[in-house]
Amino acid sequence: MGKGAILSSITFSTVEELAPHRDGLLSLFRSHCGSVGGMRLFVAFNETANNAIYHANRCRPQSRVRVEILDEGDSVAISVRSDEGGFEHDLRLDPGVFSDFSKESGRGVQIVLHLVDEMRIEEGGRVVVLRMEKCDAPAPAPALLEAPVEKTLQQPFPLAVE
């Protein structure tokens, strides 16, 4: 595919409408960005899509989220467009945001900024663009990803911190 080619395009209003596309999107991201890079892009996309559903469109079923995934040659770009409200953010990393987990919101953009190579906010906050560099190494074959991994737990994880 050439630079600027649309790799995928989906539209949804709810998390339930997005759900059937998730496995295919993860495979697409991994095929272009490798196993780790693809998962990082998937997590960032998932956070961005959820923000568009819950915050921008306020879970209104008539409000749509439109996603385009583009091949940009050396990178993959995802455009997430909400029908309704936008938001502003300075897109600077804030390591202190993870120190106060009593807040119900405010960490999503920081999570995304830590995962992708670039994040842009456009059109008054109605469009969020994520970009991730491609990886030269192909993602592992799906059969390898599904193979069970045996781990021996040496010490149980404590349920309470003393």
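Values in this document were obtained by computation on a predicted structure and should not be read as measured data.

Here we come to the overall build of the protein chain. Check the secondary structure of the protein chain and you find four helices and five strands. Written out in order from the N terminus, the α and β elements of the protein chain read β-α-α-β-β-α-β-β-α. The buried share among the 162 residues of the protein chain stands at 36%. Relative to all contacts within the protein chain whose residues are 6 or more apart in sequence, the contacts with residues 24 or more apart total 61%. Total accessible area on the protein chain is roughly 10,100 Å²; 53% of this is exposed by carbon and sulfur atoms.

In this section: helix 3 (residues 108-115). Extensive coverage of helix 3 is indicated by the burial of six of its eight residues. Within helix 3 the residues assigned to the buried category are Gly-108, Val-109, Gln-110, Val-112, Leu-113 and Leu-115. Where helix 3 is buried, its residues touch helix 2 (22-56), strand 4 (118-122) and strand 5 (127-133).

Parameters at a glance
Residues numbered from 1 in each chain as written. Predicted model: local features only at pLDDT ≥ 70, side-chain atom pairs only at ≥ 80, totals over all residues. Heavy atoms only, no water. Helix = DSSP H or I, 4+ residues; strand = E, 2+ residues; numbered from the N terminus. Buried < 20%, exposed > 50% of the residue type's maximum accessible area, 1.4 Å probe, protein only. Contact = heavy atoms within 4.5 Å. Areas by Shrake-Rupley, 256 points an atom, 1.4 Å probe, with all protein chains shown as cover.

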